[in-house]
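# Structural description and commentary
Here is how the chains run, residue by residue.
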Amino acid sequence: MEAFSDMKAPAFVFDFQQIARLVCETAKKEGAVTESDRRVRSYYEQSGASLLWVNRAGVDARADSLLAHLRRVVDVGFSQQAFFVDAIERDLQSLRQLQFTEGDNDINHVAARLDYHLTKACLRYAYGYRYGFINPSRIFNHLDIDEDKKPSPNYVRYRGLFDVDMEQAPADYHLSVISKIQHDSITSYLNTIESQDKFYQRLKGMLKDATNDEQRQRIISNMERTRWRLHHPIPETGKRIIVNLPAYHLYAYGEDSLLDMRIVCGARKTKTPLLTSEIEWMEVNPQWIIPQSILEKDVVRHAGDSAYFARNKYNIFERATNKQMEISEVTGSMLLSGKYRVAQESGDDNSLGRIVFRFKNQFSVFLHYTSTPWVFQRESRSISHGCVRVARPFELANFVLDQPDEWLLDRIRISMGLKAETDRGRQYLRTHQDEEDHKLIGYVPVKPHVPLYIIYFTLWPDESGALQTWPDIYGYDKVILEHLKPYLP
């Protein structure tokens, strides 16, 4: 090789120390817009970080394979510029055709830029296609300030709005992707990470035919929702209940049946949270334990007013002893102390209606009927404090039960004030006709539990399966699009 040393052109020789320094400088200088960007920066800033794409032979076919994926981001509504496609193509051509100039376009600057952009684009792609381009838990749980829990001007607490059991990128995910780049398995990995969900693919196909920006934006925001991978996805068989808030509708799917009904959900100031859970039990003729937030807003100012409490059928109990208190003896400060609970008696006037469907969640929300059924006739039905009111509660009770016998169903009917359907039920009503209220049953377990999904899709099939456009009642499409801005044209 000594004989050929005179032929070596300095302009075409890599200085790997300089390239590493230039990449580090670039990483420190460029802003970190996304979680993946921050990971790239931290990787290149560390001492001794190796180049991932550039070696003594130049840049191999891994870069071309990555570029092929990056060019296709337009198919999901994103900009190639957000993935540095033009810059990568330009520097790749310069390197392979040895087209360099002095200054920022010499061989070392080109190699540094290329390695950095390839890594940054690759991680943006890998994080976004595998786990979603935004983190809904972080975003939606820092959206609405909880004014009821703000003890001082400097203290901010947010209302919980999102508790979906979904996959999150592990802290070392970037290292896993980097390892795949280093070991030449990145291409096969990128081929597997895009969602194969049928609805996602359907939306992706619709995007090609979108005729205006509004349509495109709606499709893009709903596609992002389908990238959030659930640990327990909505099953295609078996019983499951889906509540789509923008549609103001509940869909209860059986093996060969569909029960659908109108719902009422939370107002904009008291939004119904998005969650996954399971219906575990029902309560017929429940008491309503008034939440502390409603207590402070609506009830405390009536402390000591026996007529108000009697009119609303409210009772006050000491929490520690469960002792019922005299209304006139309980002051507003006592109610605010948290040592007392206010409960509304069961019956037709109860705010929960005649039945409530319980499921574990951190928000103290549930499905229930209402004492004001006329609200189901409204077009806009986001008016509750956060719970979901259902228009056909007995049909839903029948749905969640596993092959209930007719007497169990009739006990629920009678307890809800509905007409009996069995001879035994009618006989019971004849022999107890002097009673005002019939409470034959209270707690009803649901076994097996029925999966419940409270979702938010502004494009979603109706009860006939036809895809419909629904209003963005909480403005969540706008929130998603705002956080997707770094990727959009």
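Residues numbered from 1 in each chain as written. Predicted model: local features only at pLDDT ≥ 70, side-chain atom pairs only at ≥ 80, totals over all residues. Heavy atoms only, no water.

### Some points on the overall build of the chain
Rule in force here: Think of it this way: any DSSP run of H or I at least four residues long counts as a helix, any run of E at least two long counts as a strand, and we number them from the N terminus. To get the radius of gyration, use the C-alpha atoms; to get the globule rule, take the number of residues to the power 0.38 and multiply by 2.2 Å. The buried label goes to any residue with under 20% of its type's maximum accessible area, the exposed label to any with over 50%, and the partly exposed label to all in between, with areas taken from a 1.4 Å probe on protein chains only. Two residues qualify as a contact provided that any one of their heavy atoms is within 4.5 Å of a heavy atom in the partner residue. Only the protein chains shown count as cover for residues, and all accessible areas are computed by the Shrake-Rupley method using a 1.4 Å probe. Charge counting treats Lys and Arg as positive and Asp and Glu as negative, with His and both chain ends excluded. Lysine's charge is taken at NZ, arginine's at CZ, aspartate's at CG and glutamate's at CD.
The number of helices and strands found in the chain is 17 helices and 17 strands. Relative to the compact-globule value of 23 Å for 489 residues, the chain shows a C-alpha radius of gyration of 30 Å, a clear excess of over 25%. Taken along its principal axes, the extent of the C-alpha atoms in the chain is 115 × 55 × 40 Å. The 489 residues of the chain split such that 49% are buried. For the chain, the share of sequence-separated contacts (at least 6 apart) that also reach a separation of at least 24 residues comes to 67%. Total accessible area on the chain stands at roughly 24,600 Å², and carbon and sulfur atoms take up 48% of it. Side-chain charges in the chain split into 63 positive and 66 negative, and the spacing between the mean points of these groups amounts to 2 Å.

### Some remarks on the environment of Lys 339
Mapped onto the elements, Lys 339 comes out in the loop between α13 (332–336) and β10 (340–344). For Lys 339, a relative accessible area of 58% gives the class exposed. For the pair formed by Lys 339 and Asn 350, sequence separation is 11 residues and the distance between their alpha carbons is 23 Å. Apart from residues lying up to four places away in sequence, Lys 339 is in contact with Phe 317, Glu 318 and Arg 319.

### Some details on the environment of Glu 421
Relative to the helices and strands, Glu 421 is located in the loop between α15 (406–415) and α16 (423–431). For Glu 421, a relative accessible area of 46% puts it in the partly exposed group. Residues Glu 421 and Asn 108, spaced 313 residues apart in sequence, show a C-alpha to C-alpha distance of 84 Å. Contacts of Glu 421, omitting those with residues within four sequence positions, involve Asp 410, Arg 413 and Arg 426.

### Focus on the state of the cysteines
Disulfides are covalent bonds that link the sulfur atoms of two cysteine residues. Selection criterion: Disulfide: a pair of cysteine sulfur atoms within 2.5 Å of each other.
Summed over the entire model, instances satisfying the criterion amount to 0 disulfides. The thiol sulfur of Cys 265 is not disulfide-bonded, and the nearest other cysteine sulfur, from Cys 387, lies at 11 Å. Classification of Cys 265 by relative accessible area gives buried; the value is 0%.

### Notes on the packing of aromatic side chains
Put simply, the test is: Here is the rule: rings of Phe, Tyr and Trp (six-membered ring for Trp) pair when centre to centre is within 6.5 Å. Planes less than 30 degrees apart are stacked, more than 60 are edge-to-face, and the remainder are tilted. Only Lys NZ and Arg CZ are tested; either one counts as a charge over a ring when it is within 6 Å of the ring centre and within 35 degrees of the ring normal.
In the structure shown here, the tally under the stated rule is 27 aromatic pairs. With a centroid separation of 5.6 Å and an interplanar angle of 35°, the aromatic rings of Phe 78 and Tyr 487 are classed as tilted. Separated by 409 residues along the polypeptide, Phe 78 in the loop between α3 (61–71) and α4 (85–96) and Tyr 487 in the segment after α17 (476–483) bring together distant segments of the chain. Neither Phe 78 nor Tyr 487 differs from the other in exposure class; each is buried. Through a chain of ring-to-ring contacts, the aromatic side chains of Phe 78, Phe 83, Tyr 125, Tyr 129, Phe 133 and Tyr 487 assemble into a single cluster. The ring of Tyr 189 carries Lys 180 above its face, with NZ or CZ at 4.8 Å from the centroid.

### Some words on the pairing of strand β15 (residues 443–455)
Put simply, the rule is: At least two bridges found by DSSP between two strands is the condition for calling them paired.
One ladder, built from 4 bridges, connects strand β4 (residues 240–244) with β15; its direction is parallel. Along β15, the bridge assignment pairs Asn 244 with Ile 455. The sheet contact formed by strand β7 (residues 274–284) and β15 spans 8 bridges and is antiparallel. When the sheet's bridge partners are listed, Ile 279 is paired in β15 with Val 450.

### Describing the nonpolar core
Rules: Side-chain atoms within 4.5 Å are what join buried Ala, Val, Leu, Ile, Met, Phe, Trp, Tyr and Cys residues into a set we call a nonpolar core.
Of all hydrophobic cores here, the largest spans 148 residues; its most connected members are Phe 83, Ile 241 and Leu 396. Sorting elements by how many residues they give to this core places helix α5 (residues 107–131) first, with 15 residues. Not counting chain neighbours up to four residues away, the residues in contact with Ile 241 comprise Leu 250, Tyr 251, Ala 252, Ile 279, Leu 396, Phe 399, Val 400, Val 450, Pro 451, Leu 452 and Tyr 453.

### Looking at helix α14 (residues 393–400)
Among the 8 residues that make up α14, 6 are buried, leaving the element largely enclosed by the rest of the structure. For α14, the full list of buried residues reads Pro 393, Phe 394, Leu 396, Ala 397, Phe 399 and Val 400.

### A short note on the pairing of strand β6 (residues 258–266)
Where strand β5 (residues 249–253) lies against β6, 5 bridges are found, and the strand directions are antiparallel. By the bridge assignment for β6, Leu 250 is matched with Met 261. Counting the residues that bridge the hairpin from β5 to β6 gives 4 residues. Across 2 bridges, the pairing between β6 and strand β14 (residues 388–390) is antiparallel. In the sheet register, Ile 263 faces β14, and the bridge partner there is Val 390. By the bridge criterion, 2 bridges tie β6 to strand β13 (residues 382–384) in an arrangement that is parallel.

### So, helix α9 (residues 198–209)
Because the α-helix completes a turn every 3.6 residues, residues three or four places apart line up on one side. Here is the rule we go by: Helices are assigned an expected span. That span is 1.5 Å times one less than the residue count. Regarding the arc, it is the one traced by the directions from the helix axis to the C-beta atoms. Counting of polar contacts relies on pairs of N or O atoms within 3.5 Å, with two restrictions inside protein: one atom must be capable of donating a hydrogen and the other of accepting it, and residues adjacent in sequence are counted only when both atoms are side-chain atoms.
Given a rise of 1.5 Å per residue, 12 residues ought to cover 16 Å, and the 18 Å separating the end C-alpha atoms of α9 matches this to within 8%. Among the residues making up α9, those that are buried are Phe 199, Tyr 200, Leu 203, Lys 204 and Leu 207. Viewed along the axis of α9, the buried residues span an arc of 140°, placing them on a single side of the element. Set apart from the buried face of α9 by more than 90 degrees, the exposed residues are Lys 198, Lys 208 and Asp 209. Packed against the buried residues of α9 are α5, α10 (213–227), β16 (459–461) and β17 (467–469). A side-chain oxygen of the first residue of α9 lies 3.0 Å from the backbone nitrogen of Phe 199; this N-cap is Asp 197.

Function cannot be inferred from these measures alone, as they are strictly geometric.
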